[in-house]
Amino acid sequence: MRAFDFDLKSLQVFVIAAQTGSMTETARRLGLTQSSVSQTLSMLEKISRWSC
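Below is a summary of the structure that appears in this document.

So, how was this worked out
Residues numbered from 1 in each chain as written. Predicted model: local features only at pLDDT ≥ 70, side-chain atom pairs only at ≥ 80, totals over all residues. Heavy atoms only, no water. Helix = DSSP H or I, 4+ residues; strand = E, 2+ residues; numbered from the N terminus. Buried < 20%, exposed > 50% of the residue type's maximum accessible area, 1.4 Å probe, protein only. Areas by Shrake-Rupley, 256 points an atom, 1.4 Å probe, with all protein chains shown as cover. Patch = residues over 30% accessible without salt bridge, like charges linked within 9 Å, V, L, I, M, F, W, Y side chains within 5 Å. Salt bridge = Lys/Arg side-chain N within 4 Å of Asp/Glu carboxyl O.

Moving on to the overall build of the protein chain. Each helix and strand in the protein chain was counted, giving 3 helices and 0 strands. Going from N to C terminus, the protein chain has its helices and strands arranged as α-α-α. A total of 52 residues make up the protein chain; the buried ones form 23% of that total. Surface accessibility of the protein chain: about 4,000 Å² in total, with carbon and sulfur atoms responsible for 55%.

A few words on a nonpolar patch on the surface. On the surface, Phe6, Leu8, Leu11, Phe14 and Val15 cluster together to form a nonpolar patch covering roughly 440 Å² of accessible area. Residue classification places Phe6 among the partly exposed residues on the basis of a relative accessible area of 31%.

Following this line, the structure appears as structure tokens:
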């Protein structure tokens, strides 16, 4: 996967997680599970080679 090979939903997860500082709140706001938020952030971390 290339560094910019992700969708807008993944970017939305990242932005809201950064704003709230909470995977639980991110999941609630987007109607997702905590697990899917965690998986999305993990995928973004891997493709960007950046760690929080």
